[in-house]
Amino acid sequence: MRLILLGPPGAGKGTQAQRLIAKYGIVQLSTGDMLRAAVAAGTPVGLRAKSVMERGELVPDDVVVAIIADRIGQRDAKRGFVLDGFPRTVSQAEALDRLLAERGLELDAVVELKVDESILLQRIEKRVAEMSARGEKVRPDDNPEVLKGRLSAYKAQTAPLVDYYAGKGMLKSVNGMVAIDAVTGAVMGHLAPLVPRGGGSVRRKVKTRKTAKRPAAKASARRKRSAPKKRNKVGKAKNRTRRRLTRA
Ligand code: AMP
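Owing to the predicted nature of the structure, the values given are computational and were not obtained by experimental measurement. (Residues numbered from 1 in each chain as written. Predicted model: local features only at pLDDT ≥ 70, side-chain atom pairs only at ≥ 80, totals over all residues. Heavy atoms only, no water.)

This paragraph deals with the sheet that holds strand 5 (residues 171–175). Strand pairing within a sheet occurs via backbone hydrogen bonds; the two strands may be parallel or antiparallel. On the basis of which strands lie adjacent, the open sheet formed by 5 strands has the order 2-3-1-4-5 and parallel pairing. In this open sheet, the two edge strands, each paired with only one partner strand, are strand 2 (27–30) and strand 5. Adjacent strand axes in the sheet meet at a mean angle of 25 degrees when their direction is disregarded. (Pairing = 2+ DSSP bridges. Helix = DSSP H or I, 4+ residues; strand = E, 2+ residues; numbered from the N terminus. Axes fitted to C-alpha atoms, helices over the stretch in contact; angles between N-to-C directions.)

The following block contains the structure:
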């Protein structure tokens with residue numbers, strides 16, 4: 001399963017990505033997380049990205065495309081991935097198309113989380129409060145001022161991807177304003193028909209797990225049902241016989 005999660009900052013892409021990786025056994029590839037790690041490690045990419053990210057602008061396409069090209073080639077991404085925060089421009093989307101085509105891979109779907117702009121600031125404020133409460137470091141770009149820049153970057157550069165993927169017949173839109181579980185339900189509802197029947201890595205993996213567990217579970221249930229009876233009968237009979245023989 002290879003997916004893209006599309007949506008403005010604060011739409012819940014990260015939360016939904018976590019649920020998708022748990023369900024499908026795929027990896028989450030978040031360019032934001034990778035860039036933050038690069039900034040923290042002070043790598044050349046990190047040094048290039050730091051100030052851009054602090055302003056809420058987009059890091060140059062070549063930087064993020066190179067990161068993704070490298071990442072999707074890694075072993076753990078072979079089973080599939082959910083891209084969170086990439087692509088963010090039409091040029092990144094075209095680069096992704098080329099990258100996948102070169103490797104003989106295809107995207108399964110692009111899921112758009114539709115959220116009203118009015119709610120995004122509240123969500124970011126909530127995220128900041130929760131991270132602070134957990135004692136985690138708050139993202140420097142999670143503040144009202146930078147959020148404005150991130151939102152305008154989204155509208156100008158990323159929102160056109162909705163039409164780009166709709167034109168390819170790949171777009172699945174979901175209402176991101178409802179409860180988290182309801183969003184997950186709607187996302188999974190779109191993806192369920194895409195899981196290949198009797199083939200494809202995702203389906204095979206799920207089947208293998210189930211079929212591996214089922215016979216063992218059934219056998220132990222059978223043992224539980226029949227074993228005590230047998231043991232009692234045989235055990236009692238044997239004991240009676242043994243007692244009679246001992247007395248005699
Ligand atoms: P995110 O965690 O996805 O909100 O990303 C945080 C910041 O990282 C963004 O505001 C951008 O500055 C940068 N960034 C993440 N992904 C991309 C991308 N695909 N293209 C350009 N910049 C990105």
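Moving on from the model shown.
Before going further, it helps to spend a moment on the packing of helix 4 (residues 61–72) against helix 5 (residues 90–102). Two packed helices can be described by the angle between their axes and the distance between those axes. Contact geometry for helix 4 and helix 5: axes closest at 10 Å, N-to-C directions at 30 degrees. The pairing of helix 4 with helix 5 is recorded here as roughly parallel in orientation. Read as a crossing pair, helix 4 and helix 5 show a hand that is right-handed. Between helix 4, through Asp61, Val64, Val65, Ile68, Ala69 and Ile72, and helix 5, the contact on the second element is made entirely by Ser91, Gln92, Ala95, Leu96, Leu99 and Leu100. Residue composition of the contact of helix 4 with helix 5, by class: 9 nonpolar, 2 polar and 1 charged. (Parallel < 35°, antiparallel > 145°, perpendicular 65-115°, else oblique. Left-handed = near helix turned anticlockwise from the far one by under 90°. Contact = heavy atoms within 4.5 Å. Nonpolar A, V, L, I, M, F, W, Y, C, P; charged D, E, K, R; others polar.)

Turning to the confidence of the model for the protein chain, a few remarks are in order. Averaged over all residues, the pLDDT of the protein chain is 84; the fraction at 70 or higher stands at 79%. For the stretch residues 226–248, pLDDT sits under 50, and the model shows 4 contacts to residues farther than four places along the chain or on other chains. (pLDDT = per-residue confidence, 0-100.)

A few words on the pattern of salt bridges. Under the criterion given, the structure shown has 16 salt bridges. Among the salt bridges present, the one from Asp76 reaches Arg71, with a minimum N-O distance of 2.8 Å. Overall, the relative accessible area of 17% leaves Arg71 in the buried class. Between Arg127 and Asp142 there is a salt bridge, with the nearest N and O atoms lying 3.0 Å from each other. (Salt bridge = Lys/Arg side-chain N within 4 Å of Asp/Glu carboxyl O. Buried < 20%, exposed > 50% of the residue type's maximum accessible area, 1.4 Å probe, protein only.)

We now examine the site of the ligand. In the vicinity of the ligand, 16 residues are found, and the nearest of them are Thr31, Glu57, Gly85, Arg88 and Gln92. The backbone of Glu57 places a nitrogen or oxygen atom 2.5 Å from an oxygen atom of the ligand. Here Val59 contributes a backbone N or O atom positioned 3.0 Å from a nitrogen atom of the ligand. Alone, the ligand offers 480 Å² of accessible surface; in the complex the protein occludes 96% of this. By residue number, the principal contributor to the shell around the ligand is helix 2 (residues 31–41), which donates 4 residues. Here the shell around the ligand is built from residues that sort into 6 nonpolar, 4 polar and 6 charged. (Near = heavy atom within 4 Å. Polar contact = N/O pair within 3.5 Å; in protein donor to acceptor, adjacent residues only side chain to side chain. Areas by Shrake-Rupley, 256 points an atom, 1.4 Å probe, with all protein chains shown as cover.)

Here we take up the nonpolar core. With 33 residues, the main nonpolar core has Ile68, Leu96 and Tyr165 as its most contacted residues. Broken down by secondary-structure element, the contributors of at least two residues to this core are strand 1 (2–6), strand 2, helix 2, helix 3 (44–55), helix 4, strand 3 (81–84), helix 5 and helix 8 (160–167). Among the elements that line this core, the one with the most residues is helix 4, at 6 residues. Formed by 24 residues, the second largest nonpolar core is a distinct cluster that contains Leu113, Val115, Met188 and Val195. (Core = buried A, V, L, I, M, F, W, Y, C linked by side-chain atoms within 4.5 Å.)

For the rest of this paragraph, the subject is the environment of Leu107. For Leu107, the position within the fold is in the loop between helix 5 and strand 4 (109–114). When its relative accessible area of 12% is taken as the criterion, Leu107 is described as buried. Here the alpha-carbon distance between Leu107 and Gly80, two residues 27 residues apart in the chain, equals 9.4 Å. Sequence-distant contacts of Leu107, that is, excluding residues within four places in its chain, are made with Arg2, Leu3, Ile4, Leu96, Leu100, Tyr165 and Met170.

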